[in-house]
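Each chain, written out:
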Amino acid sequence: MDSQQRPPRRASRPGGSRSRASLQSAMISEATRGIPVITLRSTVIMPLAIAPLYIDDEQTRRAIDTAQHHDGLVFVVAQRSDAIEHPGPLDLYTVGVEAIIEKRVTMPNGMLSVVLRAIRRLKVRQYIDTSTFLLAEVESIEEHFDESPATLAMMRVARQHFETAARNGQRITEDAVTNVAMLLDPGTMADAITSSLDLQVAQRQAILELADPLERLKQVDQLLVHELAIIEIEARIQQSVQHEIDRSQKEYYLREQIKVIQRELSESEPGLRDSLDLRERVMSAALTAEARERALRELERLEGMPTMAPEYTVVRNYLDWLLALPWQQISPDQFDLEAAARILDSHHFGLNKIKDRLIEFIAVRKIAPQSRAPILCFVGPPGVGKTSLGRSIAEALGRKFVRVSLGGVRDEAEIRGHRRTYVGALPGRILQTMRQAGTINPVFVLDEVDKLAADYRGDPSSALLEVLDPEQNNTFSDHYLEIPYDLSKVIFVCTANALHPIPSALQDRMEIIELSGYTEEEKLHIARQFLIPKQLTDHGLSLTRIDLRDDAVRSVIREYTHEAGVRNLEREISALMRKVARRVAEGKRGKAIISAAKVPEYLGPARTYAHEAEKSDQIGMAMGVAWTSAGGELTPVEVAVLEGRGQILLTGQLGEVLRESAQAAISFARSRAAVLHLLSGFHEKFDLHIHMPMGAVPKDGPSAGIPISVAIISALTGRPVRHDLAMTGEITLRGRVLPVGGVKEKALAAYRSGIRHLILPAKNMRDLAELTTEVHTALTFHPVELLDEALAIALLPRVASEANTPAIREHEAIYAVSNCEELAPDGVRNPEKPNPLPAPASHDRASQLIVGVR
């Protein structure tokens, strides 16, 4: 039940209440029988106080009904704990007040409202539980006091403290002060003051249980002193708050006046008008706390400068950049995996591994939106779709797409910006592009990251370390901005044609994803699905005007382009479309049907000059395979044996590593001269000229070890090399074959050029797993661990017509005599006779290792 206690009044009870004589008689008789008990939560009623109660429990209703059927007296006592719903005798205090029910009203909601008037203190002898409500056997508490000077002084002090608390505070009413002033005994005064104070239940109960009036008044006076201290502190706090409010209102009023004055003046002063506009933009912009503080500080500097000051333009430009950058604007991500897969498939053919990786990223973002954005690096030859993949990622996620080309950038300030002390200073390309994006979470493509350079102005790749490091890029520092900028929500996608120019520290911060070149069939699908429809739209044509046959597309791929990607293929298809568009513009009717035979009429003669598989077996010529930034290339190795003094001539613009590979091949041949049946001392009697065609193109790397060795031994022995075979692999002086890089691109180059067999290091077989079934079907792969195995596969038996060098004839004559072989008159072995050259010792083992990977 709830109660609202009011202080006691000295006025007599209202008319209709019983006389004092009958009340005393009732109280005396009550001592001999039980009084109905009303329990209170969270409050204590003091004697002579008037308290309205709101009752909703049935037990208290029955207690009130019983009291009204007798003399209207009840015993009101507080619970020890508010949490108890139906308290028992042990849950109640033993001191309460006797009260009379003055008024009873039943509310419209069924709740019972009663008004109690407390009379005196009572102490419980025992509680009686009647199963419907509690009764209490009570006894009165006698109070004695004398009117000594000490008592009067205590009453006067308490009265003054109470009046001061009422005057300084807001909780004590004037009626309560008037009532206390009229009281003449200390006990009643203490009870009245307690009823007016905001005290806890335990404090009120402790005062109620004090029987000595003077002691009770002293305790109440101590509570008054504490209340005065609280009121004083509240007053100081309220005064301080009011002072701040007044000051803020004053500042607001003055600023509004200044705005009005400035608005009137701005019509004639453009500088003032700019200052007002900038302030409004700063206050309305979605800036971080640090950016807003810096903007306001710079704005104050600007307002104190004359518009003609040199620094004015610098500060104004800085504020414009600060307000133009996105600080909190973010575009919501789209997490529809099926839609993302459709977008990727509609823009790119194949590339399943990369598409799966992107779908996995979207799935992770869907489950954990706060996860870090990946930093991807697509590495592959030109034209395979690295940059367009970044655009597809942005479309799949529903984010903005921005791109920066880093090719040729050699100044660190291009990344970090220039400090404002320089004339014409600007932020770096990172922040310039973020301004262009307009959000803090775009897909940001750093194109051609392998083309970065360095000079005396700094190393841009080192500046990128902070941009691409998830641990640091949330506080990226630009020299121009000079405050941290958050790049952690950006998805960075880097593209490169090669990995080796990229510093290892930068590679460590990126997830490398390699893209290989396309096969002819893949290019045909790409042309049909993407390139031809795009060019038809660009040239205003339709399928009713042109019929580009598949054999024509294959002819363009083979004879007019030689690339890993499809960029040149698109260019040639565009040339075909232009020719047809001209026919249409000239009014010629009919449909242009372009077959392979008609391609030269539109594009002219074939223009590719790439190496292809040889038509016949050759002596002293082996076909190598090289990796380039444009994919793979066939690189033939030619060796000529000349009469001389053992000189070695290397031509074809060969690099240092490639020259060392040639020296290693010659040393291997000399060390195995007896096993290979080479002429003893050939390195002293003959010169070796090793040449790699296309001399204008620099060449380097260790992977030409096998083709150089095969070509040298073929030239010295006269044994031809298979024309449908290409090879790659590094060799050691002991003839071991070591793994090399770029095997996937080399295999695709061999396939495109018509090669049918490829020798490669055995440890590189795992690099072929991502090749298409088409390539595995067309190529037979021969993994080798020793150079002897490669020789057994590559070299064919020598025939008489090919033994046409002095070294071979001298070599043949010596070994034929030792084997009693019949020679022809010119010193060449009779082709009808068996081959006198035994196969190498490892021939049988090598034959077992010739396997085709399907």
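Residues numbered from 1 in each chain as written. Predicted model: local features only at pLDDT ≥ 70, side-chain atom pairs only at ≥ 80, totals over all residues. Heavy atoms only, no water.

Asker: I keep staring at the overall build of the protein and nothing clicks. Help me out?
Answerer: When its secondary structure is counted, the protein shows 30 helices and 25 strands. The burial tally for the protein puts 48% of its 854 residues in the buried class. Taking contacts inside the protein between residues at least 6 apart in sequence as the whole, the part at least 24 apart equals 74%. With an accessible surface of roughly 42000 Å², the protein has 51% of that area assigned to carbon and sulfur atoms. (Helix = DSSP H or I, 4+ residues; strand = E, 2+ residues; numbered from the N terminus. Buried < 20%, exposed > 50% of the residue type's maximum accessible area, 1.4 Å probe, protein only. Contact = heavy atoms within 4.5 Å. Areas by Shrake-Rupley, 256 points an atom, 1.4 Å probe, with all protein chains shown as cover.)

Asker: I keep staring at the packing of helix H12 (residues 352-367) against helix H13 (residues 386-397) and nothing clicks. Help me out?
Answerer: Viewed as axis vectors pointing N to C, H12 and H13 meet at an angle of 35°, and their least axial separation amounts to 11 Å. Read as a crossing pair, H12 and H13 show a hand that is right-handed. Here Ile 354, Leu 358, Phe 361 and Ile 362 of H12 come into contact with H13, specifically with Leu 389, Ile 393, Ala 396 and Leu 397. (Axes fitted to C-alpha atoms, helices over the stretch in contact; angles between N-to-C directions. Left-handed = near helix turned anticlockwise from the far one by under 90°.)

Asker: I keep staring at a nonpolar patch on the surface and nothing clicks. Help me out?
Answerer: Taken together, the side chains of Ile 233, Ile 237, Val 241 and Ile 245 make up a nonpolar region of the molecular surface, amounting to roughly 330 Å² of accessible area. Considering the arrangement of structural elements, one finds Val 241 in helix H7 (residues 213-266). Given the relative accessible area of 43%, Val 241 is considered partly exposed. (Patch = residues over 30% accessible without salt bridge, like charges linked within 9 Å, V, L, I, M, F, W, Y side chains within 5 Å. Salt bridge = Lys/Arg side-chain N within 4 Å of Asp/Glu carboxyl O.)

Asker: Got a minute to help me understand the sheet that holds strand S14 (residues 511-514) in this structure?
Answerer: For sheets, the rule is that strands pair by backbone hydrogen bonds, running either parallel or antiparallel. Taken in spatial order, the five strands make up an open sheet running S9-S10-S13-S8-S14, and their pairing is parallel. Looking along the sheet, the strands with just one partner apiece sit at the ends: strand S9 (401-405) and S14. With direction set aside, neighbouring strand axes in the sheet form an average angle of 20°. As judged from the five bridges shared by S9 and strand S10 (residues 443-447), these two strands associate in the parallel manner. Counted as the bridge partner of Val 404 is Leu 446 from S10. Its contacts with the sheet put H13 on strand S8 (375-379), S9, S10 and strand S13 (491-496), and the angle it makes with S10 is roughly 175°. (Pairing = 2+ DSSP bridges.)

Asker: So what exactly am I meant to see when it comes to the pattern of salt bridges here?
Answerer: It is possible for side chains bearing opposite charge to pair when their charged atoms get close. Enumeration over the complete set of coordinates arrives at 40 salt bridges. The salt bridge partner of Arg 120 is Glu 98, with a shortest N-O separation of 2.8 Å. With a gap of 22 residues between them, Arg 120 in strand S6 (residues 112-129) and Glu 98 in strand S5 (residues 95-106) connect regions that are remote in the sequence. One salt-bridge network, held together by shared partners, links Arg 294, Glu 298, Arg 301, Glu 311, Arg 420 and Glu 482.

Asker: Would you explain the packing of aromatic side chains in this entry?
Answerer: By convention here, two paired aromatic rings are described through the distance between centres and the angle between planes. All chains considered together, the criterion is met by three aromatic pairs. Ring centres 5.8 Å apart and planes at 50° place the aromatic pair Tyr 318 and Tyr 480 in the tilted group. On the criterion of sequence distance, the pair formed by Tyr 318 in helix H10 (residues 310-324) and Tyr 480 in the loop between strand S11 (476-477) and strand S12 (484-485) is long-range, its members being 162 residues apart. Owing to a relative accessible area of 2%, Tyr 480 belongs among the buried residues under this scheme. For Arg 420, the ring lying beneath its charged end belongs to Tyr 318, and the centroid distance is 3.9 Å. Its end group placed over the ring of Trp 321, Arg 435 keeps NZ or CZ at 4.3 Å from the ring centre. (Phe/Tyr/Trp six-rings, centres within 6.5 Å; stacked < 30°, edge-to-face > 60°. Lys NZ or Arg CZ within 6 Å of the ring centre and 35° of its normal.)

Asker: When you look at a positive patch on the surface in this model, what are you seeing that I'm missing?
Answerer: A surface patch of like charges, here positive, comprises Arg 734, Arg 736, Lys 763 and Arg 766. Locating Arg 734 in the fold gives a position in the loop between strand S22 (730-731) and strand S23 (737-738). Overall, the relative accessible area of 67% leaves Arg 734 in the exposed class. (Lys, Arg positive; Asp, Glu negative; His and termini not counted. Charge placed at Lys NZ, Arg CZ, Asp CG, Glu CD.)

Asker: Would you explain the environment of Ile 362 in this entry?
Answerer: Note on placement: Ile 362 falls in helix H12. Look at Ile 362 and you get buried, because its relative accessible area is 3%. The sequence separation of Ile 362 and Ala 396 amounts to 34 residues, and the corresponding C-alpha distance is 8.8 Å. Apart from the residues within four sequence positions on either side, Ile 362 is in contact with Gln 334, Phe 335, Leu 337, Ala 340, Ala 396 and Leu 397.

Asker: Looking at this structure, I do not really get the pairing of strand S2 (residues 35-40). What am I missing?
Answerer: One face of the sheet, then the other: side chains in a regular strand alternate in exactly this way. Burial within S2 is extensive, with six of its six residues counted as buried. Two strands pair when backbone bridges link them, and S2 and strand S4 (residues 73-78) are joined in this way by four bridges, in the parallel orientation. Its bridge partner being in S4, Leu 40 is matched across the sheet by Ala 78.

Asker: Help me understand helix H4 (residues 174-181), please; the structure alone is not making it clear to me.
Answerer: Side chains of residues three or four places apart in an α-helix project in the same direction, reflecting 3.6 residues per turn. All buried positions along H4 are accounted for by Ala 176, Val 177, Asn 179 and Val 180. Considered in projection along H4, the buried side chains sweep an arc of 165° and stay on one side of the axis. Of the exposed residues in H4, the ones pointing more than 90 degrees away from its buried face are Glu 174 and Asp 175. Buried residues along H4 sit against helix H3 (149-168) and helix H5 (186-196). (Arc of directions from axis to C-beta.)

Asker: Any chance you could explain the packing of helix H18 (residues 520-538) against helix H19 (residues 550-559) here in plain terms?
Answerer: A packed helix pair is summarised by two numbers, namely the angle formed by the two axes and the spacing between the axes. Contact geometry for H18 and H19: axes closest at 10 Å, N-to-C directions at 115°. When you trace H18 past H19, the crossing you get is right-handed. Of the residues in H19, those touching H18 at Glu 520, Glu 521, Lys 523, Leu 524, Ala 527, Arg 528 and Ile 532 are Asp 550, Val 553, Arg 554, Ile 557 and Arg 558.

Asker: Whenever I open this one, the layout of surface pockets confuses me. Can you help?
Answerer: Empty space among the atoms becomes visible once a probe the size of a water molecule is rolled across them. The space that makes up the largest pocket amounts to roughly 1100 Å³. Lining of the largest pocket is provided by 47 residues; of these, Trp 627, Thr 628, Gly 741, Gly 742 and Lys 746 occupy positions nearest its centre. Sorting the residues of the lining of the largest pocket by element identifies S14, strand S17 (621-628), strand S18 (631-643) and helix H26 (743-752) as the ones contributing at least two each. Counting residues per element, the lining of the largest pocket draws most heavily on S17, which supplies five residues. Among the residues making up the lining of the largest pocket, the classes are represented as 23 nonpolar, 14 polar and ten charged. (1 Å grid on protein atoms, 1.4 Å probe; cavity = no way out; pocket = protein on both sides within 12 Å on 5 of 7 lines; lining within 4 Å. Points joined across faces, edges and corners; volume = space filled by probe spheres on them. Nonpolar A, V, L, I, M, F, W, Y, C, P; charged D, E, K, R; others polar.)

Asker: Could you clarify how one ought to interpret helix H28 (residues 787-794) in this entry?
Answerer: Burial within H28 is extensive, with eight of its eight residues counted as buried. Here H28 has its buried residues at Leu 787, Asp 788, Glu 789, Ala 790, Leu 791, Ala 792, Ile 793 and Ala 794.

Asker: When you look at empty space enclosed by the protein in this model, what are you seeing that I'm missing?
Answerer: In this structure the tally under the stated criterion is seven cavities of 30 Å³ or more. Taken as a whole, the second largest cavity holds about 50 Å³ of empty space. In terms of lining, the second largest cavity is formed by Glu 614, Ser 616, Gln 618, Met 621, Ala 622, Met 623, Val 721, Arg 722, His 723 and Leu 725. At three residues, the largest contribution of residues to the lining of the second largest cavity is made by S17. The residue makeup of the lining of the second largest cavity, split by class, is five nonpolar, three polar and two charged.

Asker: What is the right way to look at the side chain of Thr 188 in this model?
Answerer: Along the chain, Thr 188 falls in helix H5. Looking at Thr 188, its side chain comes within polar contact range of the side chain of Asp 185, at 2.5 Å. Filtering out sequence-adjacent residues up to four positions away, Thr 188 remains in contact with Leu 48 and Leu 183. (Polar contact = N/O pair within 3.5 Å; in protein donor to acceptor, adjacent residues only side chain to side chain.)

Asker: Whenever I open this one, the confidence of the model for the protein confuses me. Can you help?
Answerer: Note that predicted coordinates carrying low pLDDT should not be read in detail. Averaged over every residue, the pLDDT of the protein is 81; the share at 70 or more is 87%. This model gives residues 6-32 a pLDDT under 50, and the stretch forms 49 contacts once residues within four places in sequence are excluded. Under a pLDDT of 50 for its full length, residues 814-854 has, in the predicted model, 62 contacts with residues more than four places off or in other chains. (pLDDT = per-residue confidence, 0-100.)

Asker: Is there a simple way to think about unusual backbone geometry in this case?
Answerer: One can expect most non-glycine residues to show negative phi and most peptide bonds to be in trans. Its identity is not glycine, yet Leu 48 carries a phi of approximately 70°, on the positive side. A residue is classified by how much of its surface remains accessible, and Leu 48, at 30% relative accessible area, is partly exposed. The residue Ser 131 is not glycine, and still its phi comes out positive at about 75°. Relative to the helices and strands, Ser 131 is located in the loop between S6 and strand S7 (134-140).

Asker: Please explain the nonpolar core as it appears in this structure.
Answerer: Note that soluble globular proteins tend to have their nonpolar side chains buried in a common cluster. Phe 75, Val 76, Leu 116 and Ile 193 are the most contacted members of the largest nonpolar core, which has 59 residues in total. Of the residues forming this core, the biggest block, seven residues, is contributed by S6. Residues contacting Phe 75, with those up to four places away along its chain left out, are Ile 35, Pro 36, Val 37, Ile 38, Val 95, Gly 96, Val 97, Leu 122, Val 124, Tyr 127, Ala 136 and Val 138. In terms of nonpolar packing, the next biggest core, distinct from the first, is built from 54 residues, Trp 321, Ile 415, Met 434 and Ala 463 among them. (Core = buried A, V, L, I, M, F, W, Y, C linked by side-chain atoms within 4.5 Å.)

Asker: So what exactly am I meant to see when it comes to the environment of Thr 151 here?
Answerer: If you trace the backbone, Thr 151 turns up in helix H3. In this structure the C-alpha to C-alpha distance between Thr 151 and Pro 186, which are 35 residues apart in sequence, comes to 7.3 Å. Discounting chain neighbours no more than four positions away, the residues touching Thr 151 are Asp 146, Pro 186 and Leu 214.

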